[in-house]
Amino acid sequence: MADSFNFELVSPERLLLSEKVTEVVIPATEGEMTVMANHAPTMTTVKPGVVTVKTADGKTERFAVFGGFADILPTGCTLLAESAVHVDELDRSVLENRIDAVRAELEGAGDEKKTRLEQFIAELTKLGEIVIPA
């Protein structure tokens, strides 16, 4: 049996999860990252995607996150999300509203910001393809 560690997923609205887990897969900006007990201390930014959590009692939970950062220590991991919901609570209209809001920001954006916003739209679109059935 794998060692467990403390994991917390926090959004500005609420604490979504706080419990002992054996594994967490995070959509880090530089690529998907698996965190397990005794992981080297790391801090990473998080892009929009799915966080998959394997709890100590064997259950798997999935959460959609919309950016943030993760603080990883050998004894635990805290993911501070800009926004997050359980994948069961995410529907197409919520995601489309987020994409529309970012598209509206594009109109007056400079080149550098425009590139970041276009990347964000691509990440949100991919997230929708992953968690929302066609």
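Residues numbered from 1 in each chain as written. Predicted model: local features only at pLDDT ≥ 70, side-chain atom pairs only at ≥ 80, totals over all residues. Heavy atoms only, no water.

Naming follows an unreviewed UniProt entry, where the protein chain appears as ATP synthase epsilon chain of Sinorhizobium terangae. Listed in UniProt under the heading Function (unreviewed entry), the comment for the protein chain reads: "Produces ATP from ADP in the presence of a proton gradient across the membrane." Taken verbatim from the UniProt record of the protein chain, the Subunit (unreviewed entry) comment is "F-type ATPases have 2 components, CF(1) - the catalytic core - and CF(0) - the membrane proton channel. CF(1) has five subunits: alpha(3), beta(3), gamma(1), delta(1), epsilon(1). CF(0) has three main subunits: a, b and c." (UniProt positions renumbered as here; feature names shortened; annotations may be inferred.)

(A) Main features of helix H1 (residues 92–106). Compared with the 21 Å implied by 1.5 Å per residue over 15 residues, the 21 Å span of H1 between its first and last C-alpha is a close match. All of the buried residues in H1 are Leu95, Ile99, Val102 and Leu106. Viewed end-on, H1 has its buried residues packed into an arc of 65 degrees, placing them on one side of the element. Among the exposed residues of H1, those pointing more than 90 degrees away from its buried face are Asn97 and Ala104. Those residues of H1 hidden inside the fold are in contact with helix H2 (111–131). (Helix = DSSP H or I, 4+ residues; strand = E, 2+ residues; numbered from the N terminus. Expected span 1.5 Å × (residues − 1). Buried < 20%, exposed > 50% of the residue type's maximum accessible area, 1.4 Å probe, protein only. Arc of directions from axis to C-beta. Contact = heavy atoms within 4.5 Å.)

(B) Spotlight on the domain arrangement of the protein chain. According to the domain assignment, the protein chain consists of domain 1 (5–87) and domain 2 (91–131). For domain 1 and domain 2, the distance between their C-alpha centroids amounts to 22 Å. Of the residues lining the interface, ten residues belong to domain 1; the matching set on domain 2 comes to eight residues. The interface formed by domain 1 and domain 2 holds zero salt bridges in total. Breaking the side of domain 1 that touches domain 2 down by element, the ones donating at least two residues are strand S5 (49–55) and strand S6 (60–65). (Domains from an automatic or database assignment. Salt bridge = Lys/Arg side-chain N within 4 Å of Asp/Glu carboxyl O.)

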